[in-house]
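# Secondary and tertiary structure notes
Listed below are the residues making up each chain.
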Amino acid sequence: MSASPVLSMETLASLCKRRGFIFQSSEIYGGLNGFWDYGPLGCELKRNVREAWWRDMVLHREDVVGLDCSIIMHPRVWEASGHIGGFADPMADCRQCKKRFRADQLCEEQGLKLIKTEKGFALPEGTQCTACGSKELTEPRAFNLMFKTFVGPVEDESSVAYLRPETAQGIFAQFANVLATSRQKVPFGIAQIGKAFRNEINPRNYTFRSREFEQMELEFFVKPGTDQQWHDYWVEERMKWYHSIGLPKASITKYVYPKEELAHYASACVDVMYAFPFGVQELEGIAARGDFDLSRHQQFSNKSMEYFDPDTQEKFIPHVVEPSAGVDRITLALLCNAYREEWLPQGDKGGAVLLAEPGKQAPEGYEARTVMRFAPRIAPIKVAVFPLLKNKPELVQKTRDLFTLLRRHWNCFYDQAGAIGRRYRRQDEIGTPFGVTVDFQTLTDDTVTLRDRDTMQQVRLPIGKLLDEINTRIEAGMPE
Ligand code: ATP
């Protein structure tokens, strides 16, 4: 099969809305820019992404423990981290049409580069407003991305607090408590999954850049001097992980930061990039941040962040390697990667499947299907269970019993409405990898058919072997 035509984000967003993956937040009131809700299927998909990360990064490792911090923390946390002083994007306005831009993105779109000056930033010669074409733009000024709020009944300077713009700082602030209670020794990591908030100047590309999103962050604490080796290790681990959730090798690349692009405290940084329909963009950043964060918290809190190594009798502030990923961006990458329109020989008889050509009808003898090819591991629903006919009580009862059995293991769906072919199509469109059909033969010999979403091949097997077979297929993942 040849490569898929480039997916339009409108097509994907329309499927996501129609089938209950993603809705605009507060849609009945016109929506709110930069905020999204996940529907019944979307929240299962996202949950599977989180669970895959947690299983692989925490549960399956002896050297990583979990943490769940509050979203609002003491404002000193954000002073120490540098967010109050420096967590800002450059913003520029068009004097003509008043549209507001993130200045670096505005330049990039025109093949230009924002100029760093002593005081801040300047737009290069020739930068235009992409909305009206005017060259009359304001000088870029720093816009802090943190959402402010007040704690308690009095709204004054002393009660100002912030919604966290990242989950990482909670981990640094609790480093000493976790160290004291978890019996971990350096090197070890602390992982956290949770919401983060950034008042992005220009939310765009569907859920890619939102104002409320979820992060999965690991802070892996290492002995000074071993930063590079651990950074290399985590880059490789993380690349493997993306393949394990079904993103093909060809779609995932690394962006290695040159020295001049690194933050002053960082010794290395690699972004994991995915080829979205709107360009190659970051899913995760993996940075070697030295002892910057712990040292700053030690300085601002006057509490020691030192570690005593019982083997070497040395005392030091650990360095940290930080793989920091976004749940929403990964979910969006999985949705983009899964989407495919195909033409299949009519009647589910098997035979060669063709990739649909955009805007064209299926040829004679073929029917069109949209299929979401999620890796079974992260598919929102794993198994759909069908009685061949809905008006035969014995078939329905047998299917309901099987459904009850399978639901103990995975998220399953029971469907008896309409012709069996149409029921298959509905599941294809939401990415359910396995379909189990109960027919008259089942009543006599306790066998069922198991249908594969991608090949559409059906095999007949005893109910007693179904759990093992589905488990094996989930473990096997997707072919490259
Ligand atoms: P960008 O350069 O795209 O703004 P960033 O480099 O500032 O991202 P980090 O601060 O490294 O992002 O955050 C780690 C991860 O959190 C990102 O790789 C991304 O997956 C996710 N993330 C950050 N900002 C957003 C956002 N506005 N919407 C959705 N996910 C985000």
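For clarity, every value in this text was computed on a predicted model and none was experimentally measured.

### Quick word on the site of the ligand
As a matter of local geometry, the ligand sits amid 15 residues, with Glu200, Arg209, Ser210, Glu282 and Leu283 nearest to it. In the environment of the ligand, an oxygen atom lies 3.2 Å from a nitrogen or oxygen atom belonging to the side chain of Gln215. With respect to the ligand, the backbone of Leu283 contributes an N or O atom lying 2.8 Å from an oxygen atom. Surface burial for the ligand is 82%, taken as the share of its 600 Å² of free accessible area covered by protein chains. Among the elements of the structure, strand S12 (212–222), strand S15 (279–290) and strand S18 (319–326) are those that each provide at least two residues to the shell around the ligand. Broken down by element, the residue count for the shell around the ligand peaks at four residues, all from S15. The class makeup of the residues in the shell around the ligand is four nonpolar, five polar and six charged.

### Examining unusual backbone geometry
The omega torsion across Val186 and Pro187 is 5 degrees, close enough to zero to call that bond cis. Mapped onto the elements of the fold, Pro187 is located in the loop between helix H7 (175–182) and strand S11 (188–197). At Asn205, a residue that is not glycine, the phi angle is positive and equals roughly 55 degrees. If you trace the backbone, Asn205 turns up in the loop between S11 and S12. With phi around 60 degrees, Asp446 is a residue other than glycine that occupies positive phi space. Here Asp446 shows up in the loop between helix H13 (440–445) and strand S25 (447–452). Residue class for Asp446 comes out partly exposed when judged on its relative accessible area of 36%.

### Looking at the sheet that holds strand S19 (residues 339–345)
What the three strands build is an open sheet, ordered S20-S19-S21; its pairing is antiparallel. The outermost strands of the open sheet, each flanked by one partner alone, are strand S20 (354–355) and strand S21 (366–372). Against the sheet, helix H10 (residues 327–338) touches S19 and S21, its axis set at about 25 degrees to S19. Against the sheet, helix H12 (residues 420–430) engages S19 and S21, with an angle of about 40 degrees to S21.

### Topic: the sheet that holds strand S23 (residues 412–414)
Sheet architecture is open: five strands sit in the order S23-S22-S24-S25-S26, paired in mixed fashion. Strand pairing shows two members of the sheet lacking a second neighbour, S23 and strand S26 (458–462), which therefore form its edges. Strand-to-strand twist of the sheet, defined as the mean angle between neighbouring strand axes without regard to direction, takes the value 25 degrees. Bridge count for S25 against S26 is five bridges, and the pairing is antiparallel.

### A word on the packing of aromatic side chains
Summed over the entire model, instances satisfying the criterion amount to 21 aromatic pairs. Summarising the aromatic geometry, the rings of Trp53 and Trp54 are spaced 6.3 Å apart at their centres and angled 40 degrees between planes, so their arrangement reads as tilted. Using a relative accessible area of 0% as the deciding quantity, one classes Trp53 as buried. Given the relative accessible area of 25%, Trp54 is considered partly exposed. Through a chain of ring-to-ring contacts, the aromatic side chains of Phe172, Phe175, Phe188 and Phe221 assemble into a single cluster. Its guanidinium or amino end placed over the ring of Tyr424, Arg451 lies 4.3 Å from that ring's centre, counting from NZ or CZ.

### Some remarks on the nonpolar core
By size, the foremost hydrophobic cluster in this structure holds 59 residues, and its most contacted members are Leu12, Phe21 and Tyr242. Examining the composition of this core, we find that eight residues originate from one element, H10, more than from any other. Here Phe21 is in contact with Leu15, Cys16, Asp37, Tyr38, Gly39, Leu41, Gly42, Leu45, Leu335, Phe374, Pro380 and Ile430, once residues within four sequence places are set aside. Grouped together as the second largest cluster of nonpolar side chains are 20 residues, Val396, Cys412, Phe434 and Ile470 included.

Conventions we followed
Residues numbered from 1 in each chain as written. Predicted model: local features only at pLDDT ≥ 70, side-chain atom pairs only at ≥ 80, totals over all residues. Heavy atoms only, no water. Near = heavy atom within 4 Å. Polar contact = N/O pair within 3.5 Å; in protein donor to acceptor, adjacent residues only side chain to side chain. Areas by Shrake-Rupley, 256 points an atom, 1.4 Å probe, with all protein chains shown as cover. Helix = DSSP H or I, 4+ residues; strand = E, 2+ residues; numbered from the N terminus. Nonpolar A, V, L, I, M, F, W, Y, C, P; charged D, E, K, R; others polar. Buried < 20%, exposed > 50% of the residue type's maximum accessible area, 1.4 Å probe, protein only. Pairing = 2+ DSSP bridges. Contact = heavy atoms within 4.5 Å. Axes fitted to C-alpha atoms, helices over the stretch in contact; angles between N-to-C directions. Phe/Tyr/Trp six-rings, centres within 6.5 Å; stacked < 30°, edge-to-face > 60°. Lys NZ or Arg CZ within 6 Å of the ring centre and 35° of its normal. Core = buried A, V, L, I, M, F, W, Y, C linked by side-chain atoms within 4.5 Å.

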